[in-house]
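Listed below are the residues making up each chain.
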Amino acid sequence: MNQSPQVQPPIPYGQKHPLALFVILFLLMISMVAVNICTGSVTISLSELFHLILRPDTTTESFILWKIRFPRALAAVLCGGYLAVSGLLLQVYFRNPVVGPFILGISSGATLMVSLVMLTSLTFQLRIITPFTVTLAAMAGACIVMTIVVAIASRVKNGITLLIIGLMMGYLCSAVTSVLTALAEEEQVKGFILWQLGSFSGFKWDEISLLLLVGSLLLTGVFLLAKPLNGFLLGEEYAKSMGINIRFFRMLILFLACALAGMVTAMAGPVAFIGLAIPHMARMIFSTSDNRILIPGSFFLGALVASGCDFIARSLLSPVELPLSAITAFFGAPVVICLLMKRRVKL
Amino acid sequence: MKNSRPSTQTAALTCHNLVVGYAEKPVISNINISVETGQFITLLGPNGAGKTTLLRTLSRHQPPLAGSIRVGEQPLEQLRQADLAKIMAVVLTDKITPPLFTAFQFVALGRYPHTGFLGRLTDKDKDVVLTALAAVHADDLSHRDFADLSDGERQKVLVARALAQEPQILLLDEPTAHLDLKHRLEVMAILRNLCRDKGITVIASLHDVDIAAKVSDRVALVKDGAITSWGSPEQILTSETVAVLYDFRTACFSHHLGSIEIRGEQYRGRVFVVAGMGKGASIYRMLAKRGYGISTGMLLSNDLDCYVASGLGAKCVSQSPGSTFTEETRTMALSEMEASDMVIEANHHTNGPYQENQDLIRRAVQMGKPVFSFRTASGRNKINGIITVTDNSELFTAMEVHCP
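On a predicted model such as this, the values are computed, not experimentally measured, just so you know.

## Looking at empty space enclosed by the protein
Enumeration over the complete set of coordinates arrives at 3 cavities of 30 Å³ or more. Approximately 230 Å³ is the volume attributed to the largest cavity. Lining of the largest cavity is provided by 19 residues; of these, N230 and R292 of chain A together with A108, L109 and G119 of chain B occupy positions nearest its centre. Going through the elements one at a time, α9 (226-232) of chain A together with α3 (103-108) of chain B are the ones with two or more residues in the lining of the largest cavity. The element that contributes the greatest number of residues to the lining of the largest cavity is α3 of chain B, accounting for 3 residues. The residue makeup of the lining of the largest cavity, split by class, is 9 nonpolar, 6 polar and 4 charged.

## Points about the pattern of salt bridges
Where side chains of opposite charge bring their charged atoms close, a pairing between them can arise. Under the criterion given, the structure shown has 21 salt bridges over all chains. Across the pair R292 of chain A and D290 of chain A runs a salt bridge whose closest N-O atoms are separated by 2.7 Å. Between R196 of chain B and D197 of chain B there is a salt bridge, with its nearest N and O atoms 3.3 Å apart. For R196 of chain B, a relative accessible area of 48% gives the class partly exposed. Taking the relative accessible area as the measure of exposure, D197 of chain B reaches 39% and is therefore partly exposed.

## Examining the nonpolar core
A general trend in soluble globular proteins is that nonpolar side chains are found buried together. F200 of chain A together with L44, L170 and I203 of chain B are the most contacted members of the largest nonpolar core, which totals 201 residues. With 18 residues, the top contributor of residues to this core is helix α3 (residues 60-94) of chain A. Those residues in contact with L170 of chain B that lie beyond four places of it in its chain are A89, A162, L163, L191, L194, I200, T201, V202 and I203 of chain B. Counting 44 residues, the second-largest nonpolar core is a separate cluster that includes A275, V308, L334 and F372 of chain B.

## Describing the pairing of strand β16 (residues 342-345) of chain B
Residues and elements named next belong to chain B. Side chains M342 and I344 of β16 all project onto a buried face; the interleaved residues V343 and E345 project onto the opposite face, where all are buried too. Both strand β13 (residues 270-274) and β16 contribute to a ladder of 4 bridges, which runs parallel. Bridge pairing in β16 links V274 to E345.

## Describing the environment of A134 of chain B
Residues and elements named next belong to chain B. Mapped onto the elements of the fold, A134 is located in helix α4 (residues 123-135). Classification of A134 as partly exposed rests on a relative accessible area of 32%. Residues A134 and Q81, spaced 53 residues apart in sequence, show a C-alpha to C-alpha distance of 28 Å.

## Observations regarding the environment of V335 of chain A
Relative to the helices and strands, V335 of chain A resides in helix α14 (residues 324-343). Taking the C-alpha atoms as reference, V335 of chain A lies 36 Å from L119 of chain A; in sequence the two are 216 residues apart.

## Some thoughts on the side chain of S298 of chain A
Residues and elements named next belong to chain A. With respect to the secondary-structure elements, S298 resides in helix α13 (residues 291-315). Residue classification places S298 among the buried residues on the basis of a relative accessible area of 0%. Other than its neighbours up to four places away in sequence, S298 contacts A84, V85, L88, I278, P279 and A282.

## Notes on the pairing of strand β11 (residues 251-254) of chain B
Residues A251 and F253 of chain B line one face of β11 of chain B and the alternating positions C252 and S254 of chain B line the opposite face, and both faces are buried. Connecting β11 of chain B to the next strand, strand β12 (residues 259-262) of chain B, in antiparallel fashion are 4 residues, including G258 of chain B with a positive phi near 65°.

## Remarks on the interface of chain A and chain B
Much of the literature gives interface size as the accessible area that the parts lose upon coming together. If you look at the interface, chain A gives 34 residues, while chain B gives 40 residues. Of the roughly 3600 Å² buried where chain A meets chain B, counting both sides, 62% is carbon and sulfur surface. For the interface between chain A and chain B, the tally reads 1 salt bridge. Salt-bridge contacts for E237 of chain A lead to R56 of chain B; the nearest nitrogen and oxygen are separated by 2.2 Å. Our enumeration of links across chain A and chain B arrives at 11 residue pairs in polar contact (both at pLDDT 80 or more).

## Looking at helix α1 (residues 18-38) of chain A
Residue and element names in this part refer to chain A. Between its first and last C-alpha atoms α1 spans 30 Å; for 21 residues at 1.5 Å apiece the expected length is 30 Å, and the two agree. The inward-facing, buried residues of α1 contact α2 (46-54), α3, α12 (274-286) and α13. Two residues or fewer past α1, G40 is found with a positive phi of approximately 140°.

## Focus: the packing of aromatic side chains
In this structure the tally under the stated criterion is 15 aromatic pairs over all chains. With a centroid separation of 5.7 Å and 25° between ring planes, the pair formed by Y246 of chain B and F248 of chain B is classed as stacked. Among the aromatic residues, those joined into a ring-pair cluster are F22, F26, Y82, F286, F299 and F300 of chain A. In this structure, K227 of chain A is placed above the aromatic ring of Y112 of chain B, and the distance from its NZ or CZ to the ring centre is 4.3 Å.

## Regarding the layout of surface pockets
Considered as a void within the structure, the largest pocket measures approximately 990 Å³ in volume. What lines the largest pocket is a set of 30 residues, among which K157, E236, E237 and R250 of chain A together with H61 of chain B lie closest to the centre. Among the elements of the structure, α3, α6 (159-183), α10 (236-241) and α11 (246-268) of chain A together with β1 (11-22) of chain B are those that each provide at least two residues to the lining of the largest pocket. A breakdown of the residues in the lining of the largest pocket according to their chemical character gives 11 nonpolar, 8 polar and 11 charged.

## Here we look at the packing of helix α12 (residues 327-338) of chain B against helix α13 (residues 357-367) of chain B
Residue and element names in this part refer to chain B. Following both chains from N to C, one finds α12 and α13 inclined at 35°, their axes separated by 11 Å at the closest point. The chirality of how α12 crosses α13 is right-handed. Residues A333, L334, M337 and E338 of α12 lie in contact with α13, whose contacting residues are L360, R363, A364 and M367. For the contact of α12 with α13, the residue count by class is 6 nonpolar, no polar and 2 charged.

What counts and how
- Residues numbered from 1 in each chain as written.
- Chains lettered and ligands numbered in written order.
- Predicted model: local features only at pLDDT ≥ 70, side-chain atom pairs only at ≥ 80, totals over all residues.
- Heavy atoms only, no water.
- 1 Å grid on protein atoms, 1.4 Å probe; cavity = no way out; pocket = protein on both sides within 12 Å on 5 of 7 lines; lining within 4 Å.
- Points joined across faces, edges and corners; volume = space filled by probe spheres on them.
- Helix = DSSP H or I, 4+ residues; strand = E, 2+ residues; numbered from the N terminus.
- Nonpolar A, V, L, I, M, F, W, Y, C, P; charged D, E, K, R; others polar.
- Salt bridge = Lys/Arg side-chain N within 4 Å of Asp/Glu carboxyl O.
- Buried < 20%, exposed > 50% of the residue type's maximum accessible area, 1.4 Å probe, protein only.
- Core = buried A, V, L, I, M, F, W, Y, C linked by side-chain atoms within 4.5 Å.
- Contact = heavy atoms within 4.5 Å.
- Pairing = 2+ DSSP bridges.
- Buried area = accessible area lost by both parts, 1.4 Å probe.
- Polar contact = N/O pair within 3.5 Å; in protein donor to acceptor, adjacent residues only side chain to side chain.
- Expected span 1.5 Å × (residues − 1).
- Phe/Tyr/Trp six-rings, centres within 6.5 Å; stacked < 30°, edge-to-face > 60°.
- Lys NZ or Arg CZ within 6 Å of the ring centre and 35° of its normal.
- Axes fitted to C-alpha atoms, helices over the stretch in contact; angles between N-to-C directions.
- Left-handed = near helix turned anticlockwise from the far one by under 90°.

Scope: geometric values only; no functional claims are made or implied.
Structural data, given as structure tokens:
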């Protein structure tokens with residue numbers, strides 16, 4: 001029909017070629033994972049790496065590779081990716097750029113439960129706090145908060161109310177946690193504070209497979225939501241007028257975002273910054289708001305950045321391991337500020 | 001349906017005993033209107049009258065408190081949300097600026113109810129988007145970033161997005177708010193064309209009575225919890241109904257001129273204007289603005305000056321056309337002039353039906369009134385004792401001097 005030379009239908013996916021960017025991101029991510037696997041107290045060369053992958057043996061290198069490095073590198077990839085996607089979901093739903101995955105109190109709930117376990121374990125006569133107990137506690141906390149949030153989401157009229165309720169729940173949980181911290185003994189508090197800063201160390205294969213299995217299910221769900229999510233970019237009123245079942249999708253979006261963030265928090269602690277900043281970086285790199293691009297884009301970018309941060313956390317002052325959240329924020333915040341200043345993009 | 005107006009007039013939207021409002025608090029009650037397909041409907045009324053609430057109820061953004069709404073043959077509440085989206089599209093007042101969207105991509109979001117599971121655009125969808133952009137004269141904006149558009153351009157793109165839904169009914173909440181005059185008229189012309197060319201039923205809330213009178217097929221006046229009038233603008237938009245609708249005290253909607261006149265405070269002197277054939281209109285408005293009381297004559301009652309003068313609340317000595325001015329009219333004009341502080345001659349025509357007004361000027365000079373004239377006096381029409389001015393500012397300076 002319209003064949004006038006001036007009107008060329010624009011590329012519906014923004015100005016850049018997303019496929020090329022995806023390939024670059026993916027390759028960068030793979031190389032970062034390789035770096036993470038090969039470096040550390042024991043350096044493994046690339047040839048050794050391939051050898052050990054193909055033929056695992058009983059050497060120390062093999063043990064380190066399979067029991068420590070691999071799970072840790074995968075954990076960084078998965079957790080980083082999930083947090084980024086969770087943050088993207090909430091930023092789109094709330095149409096608010098300063099929203100992150102923990103805005104609805106997921107991390108505060110998990111932290112509260114973990115503080116109950118870690119700081120009051122003596123009173124409960126639990127002699128040993130295993131990492132597994134902590135994970136269970138965090139998962140319980142995240143689940144409780146998530147249930148409350150989704151239950152409230154079905155009743156409130158608009159997103160802002162929900163956002164404020166989520167914030168308030170976060171404050172409530174933090175209040176209890178800080179009381180517990182004040183009452184706890186010093187040595188316990190240090191361990192607790194370190195947990196709060198997140199870490200990808202000590203991941204077991206069981207946890208990795210759980211992350212992979214549940215996470216991929218949730219991610220599939222998120223990707224199927226890409227179209228309604230694009231509708232939500234115009235706000236709930238317009239979304240409704242375009243035929244979106246607001247209440248249903250609101251609950252679904254919140255459930256998926258909370259589940260992804262809750263799962264990561266349970267296993268790696270509340271890793272700051274990734275979920276807030278990665279969606280912005282993805283938007284600017286792909287220069288689009290199209291969630292069909294941003295969902296996979298945020299995942300890969302989140303995975304890349306989390307891997308990079310984990311590498312820095314491990315190696316900067318090695319053998320001392322720095323807190324992960326400190327690294328993510330310390331290196332990530334300037335990046336976002338620079339991108340924003342340079343591109344002059346309104347988010 | 002899309003390109004030709006249906007031959008039989010069918011109701012696109014019917015409200016029966018509808019009550020709209022929030023949580024047991026009715027805002028407008030007892031709404032019974034039937035909107036025909038392809039009509040342009042305007043909701044007029046003061047802020048807070050409930051125009052937005054009514055529109056939100058029609059678009060199912062909030063439930064009615066009572067009564068029923070039918071879209072075509074179907075009850076609104078029984079339509080699936082996805083099906084309703086193919087029938088009805090909205091343009092809201094929410095300020096939305098999604099980042100990193102070209103106008104094309106933004107309009108393409110309107111294809112939502114028509115696209116598949118992942119929202120991939122087919123060639124047909126792209127055509128519809130381009131057609132929608134063309135319909136609002138925004139073809140050239142398609143590559144621009146939505147967030148960088150001006151208010152007027154953005155409003156056009158918002159209308160295009162609604163059009164991309166290929167609706168039969170388009171609801172717009174104050175589509176011309178914040179727009180400059182050019183875009184205001186352009187948006188109204190676009191909407192008007194949608195009704196005429198595509199048979200789309202447009203329901204819009206507006207604040208410009210004068211524009212509404214000129215574009216609408218039907219007007220609903222909303223005030224004090226009810227639709228006080230419903231009908232064609234020619235029937236119901238009179239100076240009285242508009243004055244009541246907006247509680248006008250110092251303004252007046254002129255039915256004949258289709259515009260609002262703003263009355264002055266009349267705290268200065270009284271001025272008698274000799275005008276005719278539209279020469280007086282701008283002078284009346286300037287006098288009203290500066291706080292002078294106005295009387296004018298002698299005019300034929302179909303003169304533009306007569307309509308403007310009545311709109312401004314001036315005392316207008318007139319008589320219906322067809323004969324020369326009667327003695328009675330002349331006496332009234334003289335007594336009005338007697339009661340005035342000054343007289344302005346607005347360069348009226350001295351040869352046509354207003355020939356006799358020339359006598360009024362002579363009498364004014366005899367009465368000793370200050371007479372100001374725009375005429376470059378010469379020849380046989382020259383009257384001594386007239387203060388000649390060349391433009392309005394000179395006129396008002398002279399008026400200050402002679403009548404402080």
